[in-house]
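Close look at the chain arrangement
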Amino acid sequence: MTTEIISTDAGDARITWHTARAARLVLAVSHGAGGGIEARDLQALARALPGHGVSVALVEQPWRVAGKKVAPAPKTLDTGWRGLWPALTAPGLPVISGGRSAGARVACRTATELGAHAVLALSFPLHPPGRPEKSRAQELLGAGVPTLVVQGGNDPFGRPGEFPDGSYDLTEVPFGDHGFAVPKRAGITQEQALEIVTDAVVRWASSLA
């Protein structure tokens, strides 16, 4: 595991690399608006994917590196992501652009522009809780590259059944909330829920040409 600080027009960002020995892809994933790279799904991917030929770059946006508690406007997040991109492509491998929640929106909005190989959208916030009329579906549908959505079955930002038809794949984590936490009464354990996430990403990544 190595870290590097990258200067962007939105401030200094940080990449924590979990490098595969014989990597064929890079998965770059950023956090949401309310947390960092310690999120359980991001950490699970960083542990699991290098063994399958995918290097994982956990990206901390400048506002997190600066110690701020509130995420900036979407265009500022996009600026930070653009500034990181040369470092993410430096290994010379195709890059899957990804993130959770707000980070997933950034990945979708910038994928075509940056030449992303694919998009991984973890807990895509289809709408604010209780506000289905405020849909962000066009960001997802406009990604323009192969896309995998991994969504909790009880995510208040959009349950799997609410997602529109489109040319993307969707994996449901049963009982999962926005952070893929599952209640004790659920039919699966927390470990099994995270295995659903990592197994789905491994399968999908292996199918990418």
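Model, not experiment: these values are computed from the prediction.

1. What to know about the environment of R82
- Inspection of the secondary structure puts R82 in helix α3 (residues 74–89).
- Taking the C-alpha atoms as reference points, R82 and A107, separated by 25 residues in sequence, lie 10.0 Å from one another.
- For R82, the residues in contact, after removing those within four places along its chain, are T110, E113 and L114.

2. A short note on the packing of aromatic side chains
- Applying the stated criterion across every chain yields a total of 2 aromatic pairs.
- When the centroid spacing of 6.5 Å and the interplanar angle of 65 degrees are considered together, the rings of F124 and F163 count as edge-to-face. With a gap of 39 residues between them, F124 in the loop between β6 (118–122) and α5 (137–141) and F163 in the loop between β7 (147–152) and β8 (169–173) connect regions that are remote in the sequence. The same class applies to F124 as to F163, namely buried.

3. Here we look at the environment of A57
- Inspection of the secondary structure assignment puts A57 in strand β4 (residues 54–60).
- Placed 100 residues apart in sequence, A57 and F157 show a C-alpha to C-alpha distance of 25 Å.

Reading guide: rules and limits
- All residue numbers refer to positions counted from 1 along the written sequence of the respective chain.
- Side-chain atom pairs in this predicted model are given and counted only at pLDDT of 80 or more, local residue features only at pLDDT of at least 70, and totals for whole chains, interfaces and linings cover all residues.
- The side-chain figures draw on all heavy atoms in the structure; neither hydrogens nor water molecules are used.
- Only DSSP runs of H or I with at least four residues qualify as helices, and only runs of E with at least two residues qualify as strands; both kinds are numbered from the N terminus onward.
- For this analysis, residues touch if any pair of their heavy atoms sits within 4.5 Å.
- For this analysis, a ring pair means two rings from Phe, Tyr or Trp (six-membered ring only for Trp) whose centres lie within 6.5 Å, classed as stacked if their planes differ by under 30 degrees, edge-to-face if by over 60, and tilted for the remaining angles.
- Between buried and exposed lies partly exposed: a residue is buried under 20% and exposed over 50% of the maximum accessible area for its type, with that area taken using a 1.4 Å probe on protein chains only.

Just geometry here; none of it tells us what the structure is for.
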